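# An overview of the molecular structure
If you want the building blocks of each chain, they are given just below.
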Amino acid sequence: MSASFTLLSTFMLALGLLPFSGVLDKQGKVLAKKKKRIEKGLEGYKPHWWVKSLCAIFLGLPIAVAIAGLIAMWGPGDVVVDDKSQFVMWLITPVWLTLVSLVYLFISVRRMLSLYLGLNLVLFTLLWVARFGG
């Protein structure tokens, strides 16, 4: 279980660093052409980072909780088992922070919002089916 948590945390770190990988060249310096292109593209840029952050915080947590709930219900063994309950409990944080990290890769707030709302709807529907549907 601890190896699974470590692997998920490593993936979360890698996904968090992914947006920065395209800016650096082999020596670790910012390329002049890319810098000019980025500056030129920022003229019409509207800062939506605060909207994305709030949406990721308030819509990402229910997604993480629903994923943990689905693993608790459909995973092997019973939830009462100490290892499984600890795994489900500690799974919420890396999933939530991964969702918060991925939100900045979206160009449009509308697309990000629709994806996160859709994920919430699908996951909580699955959670309801798992609980009451059989």
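These lines cover the structure that appears in this document, whether it is placed above or below. (Residues numbered from 1 in each chain as written. Predicted model: local features only at pLDDT ≥ 70, side-chain atom pairs only at ≥ 80, totals over all residues. Heavy atoms only, no water.)

### Digging into the overall build of the protein
Looking only at helices and strands, the protein has five helices and zero strands in total. Written out in order from the N terminus, the α and β elements of the protein read α-α-α-α-α. The 134 residues of the protein split such that 24% are buried. For the protein, the proportion of contacts with a sequence separation of at least 24, taken over those separated by at least 6, is 72%. (Helix = DSSP H or I, 4+ residues; strand = E, 2+ residues; numbered from the N terminus. Buried < 20%, exposed > 50% of the residue type's maximum accessible area, 1.4 Å probe, protein only. Contact = heavy atoms within 4.5 Å.)

### Examining the nonpolar core
Within the largest apolar cluster, 19 residues are counted, with the highest numbers of intra-cluster contacts made by M112 and Y116. With seven residues, the top contributor of residues to this core is helix α3 (residues 49–74). For Y116, the residues in contact, after removing those within four places along its chain, are A56, L59, G60, I63, L99, L102, V103 and F106. (Core = buried A, V, L, I, M, F, W, Y, C linked by side-chain atoms within 4.5 Å.)

### Quick look at helix α4 (residues 82–102)
Between its first and last C-alpha, α4 extends 31 Å over 21 residues, near the 30 Å set by a 1.5 Å rise per residue. By the largest-angle criterion, L91 marks the main kink of α4, which is about 25°, and a proline, P94, follows within four residues. Listing the buried residues of α4 in full gives K84, F87, V88, L91, P94, V95, T98, L99 and V100. (Expected span 1.5 Å × (residues − 1). Bend = angle between axes of the 7 residues up to and from the residue.)

### A short note on the packing of aromatic side chains
Enumeration over the complete set of coordinates arrives at two aromatic pairs. Each ring, one from F106 and one from Y116, has its centre 6.4 Å from the other, and the planes form 80°; the classification is edge-to-face. Of this pair, F106 sits in the loop between α4 and α5 (109–133) while Y116 is found in helix α5, placing the two residues ten residues apart along the sequence. For Y116, a relative accessible area of 2% gives the class buried. For the ring pair W128 and F132, a centre distance of 5.9 Å and an interplane angle of 50° mean the geometry is tilted. (Phe/Tyr/Trp six-rings, centres within 6.5 Å; stacked < 30°, edge-to-face > 60°.)

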